[in-house]
Amino acid sequence: LFAIFAFATCGGYSGGLRLSVDCANKSESDLSIDIAFAYPFRLHQVNFDAPTCEGKRREKLSLIGDFSSSAEFFVTIAVFAFLYSLAATVVYIFFQNKYRENNRGPLIDFIVTVVFSFLWLVGSSAWAKGLSDVKIATDPDEVLLLMSACKQQSNKCLPVRSPVMSSLNTSVVFGFLNFILWAGNIWFVFKETGWHSSGQRHPPDTMEKQSSSYNQGGYNQDSYGPAGGYNQPGSYGQVGEYGQSQSYGQSGPTSFANQI
């Protein structure tokens with residue numbers, strides 16, 4: 001949708017301006033000079049006639065500048081971004097298994113997303129500069145300076161209507177919004193790749209080293225086993241006067257009485 005708005009507001013533009021030349025001789029005046037222009041803004045090919053205020057002779061003039069390169073580049077990026085988004089949506093919905101097969105689909109998607117993010121930034125910046133130049137070239141005050149009749153103080157040259165550039169301004173805004181959208185989507189596409197999943201898993205040898213370090217520690221050894229004598233019932237046994245072992249362990253008075 002953002003791509004559609006971007007190329008529709010730029011590629012479908014058509015506008016114009018109107019000028020008025022009031023000569024000293026009123027019969028030679030032209031109070032409604034219409035100049036129309038449109039995408040792709042090859043303004044040097046936009047011709048119009050203007051009075052010279054010297055008899056009935058008129059001069060043929062044209063606007064200045066060719067800004068088709070930045071405009072067409074911007075629209076081309078928008079069209080291809082729309083087509084790729086449409087194809088990717090179909091793949092996400094109907095071919096999810098093939099998309100994840102061998103991790104090839106997410107990698108291609110990630111690379112294409114990075115490329116489109118860069119292209120949106122470059123294209124939007126170029127078109128913003130081109131639009132600024134278009135506004136200057138189609139400014140009625142600047143166009144009046146091209147007419148020879150307006151260089152004479154006896155004649156009055158006035159702008160009647162200026163071109164409306166609101167849709168072109170909107171196209172620039174949508175261009176940068178598309179850049180933000182695609183650049184923000186890089187992270188989500190990256191999470192689908194094997195690069196992200198491999199970074200989240202520990203290698204097997206690391207896990208083995210961790211488990212062996214715990215097994216070799218003192219926690220798994222029988223530190224209180226028979227060698228220490230504390231696990232035996234008679235852990236506090238003593239050798240009596242007659243050479244017999246006297247035990248004061250868990251057996252209690254019963255074992256002492258038996259030994260007596």
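All of these numbers come straight from a predicted model, not from anything done at the bench. (Residues numbered from 1 in each chain as written. Predicted model: local features only at pLDDT ≥ 70, side-chain atom pairs only at ≥ 80, totals over all residues. Heavy atoms only, no water.)

A. Spotlight on the state of the cysteines. Inspection of every chain in the model, using the stated rule, returns two disulfides. Sulfur-sulfur distance for the disulfide between Cys23 and Cys53 comes to 1.8 Å. Taking the sign of the S-S torsion, about -70° here, the bridge from Cys23 to Cys53 comes out left-handed. One end of the pair, Cys23, is in the loop between strand E1 (14-22) and strand E2 (30-38); the other, Cys53, is in the loop between strand E3 (47-51) and strand E4 (58-62), and 30 residues separate them in sequence. Comparing Cys23 with Cys53 shows no difference in burial state: the two are buried. Disulfide pairing is shown between Cys150 and Cys157; the S-S distance is 2.1 Å. Residues Cys150 and Cys157 are joined by a disulfide whose S-S torsion is about -100°; by sign, that bridge is left-handed. (Disulfide = S-S within 2.5 Å. Helix = DSSP H or I, 4+ residues; strand = E, 2+ residues; numbered from the N terminus. Buried < 20%, exposed > 50% of the residue type's maximum accessible area, 1.4 Å probe, protein only.)

B. Up close: the pattern of salt bridges. All chains considered together, the criterion is met by six salt bridges. The partner of Arg18 in a salt bridge is Asp34, and the shortest N-O contact between them spans 2.6 Å. Linking Arg18 in strand E1 with Asp34 in strand E2, this pair joins segments that are 16 residues apart in sequence. You can call Asp34 partly exposed: its relative accessible area is 44%. The closest approach of N and O atoms between Arg58 and Asp30, which form a salt bridge, is 2.8 Å. Here Asp30 lies in strand E2 and Arg58 lies in strand E4, a separation of 28 residues in the sequence. Taking the relative accessible area as the measure of exposure, Asp30 reaches 16% and is therefore buried. (Salt bridge = Lys/Arg side-chain N within 4 Å of Asp/Glu carboxyl O.)

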